[in-house]
Amino acid sequence: MPNRLIYLKQPNSSIKSDRNDDRLKLSYDYLILAIGSIHNDFGTLGAKDFCLSFDTIKECNAFHNNLIISLFDLIQTNKKELNIAIIGGGSTGVELAFEVKNTIVELLKHKSIAANNLCINLSIVEQGATILSNLADKIKEKTIRLLNSSGIKIYSAEKVTSINQEFIFTESGKQIKADIKLWTAGIKAPDLLTSFGLKTNEKNQLLLKNTLQILEDEHIFAIGDCANFAHKEQLLPPTAQTAHQQAKFLANSLSNWIKNNVPLKKFHFKNQGVIISTSKTNAVGEVATNTVGKIALNKKLAYLSYRFLYRRYQASLYGYPRVIILIIIDFLSRRVKPNVKLH
Ligand SMILES: Cc1cc2nc3c(=O)[nH]c(=O)nc-3n(C[C@H](O)[C@H](O)[C@H](O)COP(=O)(O)OP(=O)(O)OC[C@H]3O[C@@H](n4cnc5c(N)ncnc54)[C@H](O)[C@@H]3O)c2cc1C
């Protein structure tokens, strides 16, 4: 048996495990790598310096503060306009666009300002022919209609080539003015994974067997965003749905292998559909069924399914009794808190 060790290091830790090495060592028999992903700017010139991304809570809060400050700035000064651009028209970018729009509407309502007194331009820039390329046409069309009616502009077939303080430049020669630039155009696994000498794809994700074991070592597994797993010759989408199914599957399969010597099973992804929240009370989406395939959901049903899924994920983390308490807390908070967090 090889000497199976992982090394841990807390960025600010003063703990020392031995004299020459400040890392903690942890021995293992089986290892599951589930270290997720970070945004992928594909080396686009200026993206690192001028775009905000959403890898950590800190970055999400930074964006929220930036948006609120920019809106107050627009309201209180003689600034003429505010331009916000989201790069990437996948489900994260589209949901974010609706969320930003709703925040703007709520804030202006809070300040009793008519939206048409201000010039706020919100846009999505997508390199593909259309946004939400992997969703059914019906859902795409519905979402595009909703984006249009919310005043969110879509630039499709526009590959971003570089970004500066003021503009986003595209391959076709467009210059899109943007004060706030948000990057949601793809993910990659942390660079750390390429330092182990294991086989990875161009997004740093580990290549896997259908049992979720890495190719080089049957004691090491990978799941979620850091894993490269193909379903019907297509890479699985980096979503919570994929990560959740793989985690549940592996918990069973691996414990059966270890405890009962049952050979590892093959993982099969079951696409249960996609739901995109478009406002506090609406959503669009489709669910996959065993009998009639994919069904498009109407606004209310999509919204209820979205809320149900959210609570179900909470329940898998905290258990149902706590989720009931959380539902009550959320209900009461909505009565006393403003609709937009202002700080
Ligand atoms: C803005 C945004 C919105 C999204 N919305 C949705 C959505 O609505 N629905 C959906 O299905 N998916 C959504 N996703 C995608 C979803 O969040 C991911 O697919 C899912 O979280 C992947 O799960 P994971 O367990 O692989 O990784 P993660 O949930 O990212 O967990 C990985 C964990 O590993 C930790 N870690 C990383 N490196 C190390 C290290 N070296 N040592 C120790 N720990 C480490 C990280 O800190 C993190 O806690 C969204 C993603 C983003 C960014």
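Here, the structure is the one placed above.
Residues numbered from 1 in each chain as written. Predicted model: local features only at pLDDT ≥ 70, side-chain atom pairs only at ≥ 80, totals over all residues.

### Here we look at the site of the ligand
Taken together, 15 residues are adjacent to the ligand, and Gly36, Gly224, Thr239, Ala240 and Ala243 come closest. Residue contributions to the shell around the ligand peak at 3 residues, all from helix H5 (residues 240-260). Here the shell around the ligand is composed, by residue class, of 9 nonpolar, 5 polar and 1 charged. (Near = placed C-beta within 6 Å. Helix = DSSP H or I, 4+ residues; strand = E, 2+ residues; numbered from the N terminus. Nonpolar A, V, L, I, M, F, W, Y, C, P; charged D, E, K, R; others polar.)

### Details of the sheet that holds strand E20 (residues 293-297)
Pairing in this open sheet of 3 strands is antiparallel, and the strands run E18-E19-E20 from one edge to the other. The sheet terminates laterally at strand E18 (273-277) and E20, the two strands that pair on one side only. Taking each pair of neighbouring strands and ignoring which way they run, the sheet shows an average axis angle of 15°. As judged from the 5 bridges shared by E18 and strand E19 (residues 283-289), these two strands associate in the antiparallel manner. For Val274, the partnering residue across the bridge sits in E19 and is Glu286. (Pairing = 2+ DSSP bridges. Axes fitted to C-alpha atoms, helices over the stretch in contact; angles between N-to-C directions.)

### Some points on the pairing of strand E5 (residues 81-87)
Of all 7 residues that make up E5, 5 are buried, and the element is covered over most of its length. For E5 and strand E6 (residues 119-125), the ladder comprises 7 bridges, and the chain directions are parallel. Residue pairing in the sheet places Ile84 in a bridge with Leu122 of E6. Bridge count for E5 against strand E11 (residues 180-183) is 4 bridges, and the pairing is parallel. For Ile87, the partnering residue across the bridge sits in E11 and is Trp183. (Buried ≥ 20, exposed ≤ 12 C-beta atoms within 10 Å, placed from the backbone.)

### What to know about H5
Think of an α-helix as 3.6 residues a turn; residues three or four steps apart then line up on the same face. An ideal rise of 1.5 Å per residue puts 30 Å on 21 residues; H5 measures up with 29 Å between its terminal C-alpha atoms. Taken residue by residue, H5 has Thr242, Gln245, Gln246 and Leu250 as its buried positions. Buried residues along H5 sit against strand E3 (31-33) and strand E14 (220-222). Count one or two residues on from H5 and you reach Asn261, which has phi positive near 60°. (Expected span 1.5 Å × (residues − 1). Contact = placed C-beta atoms within 7 Å.)

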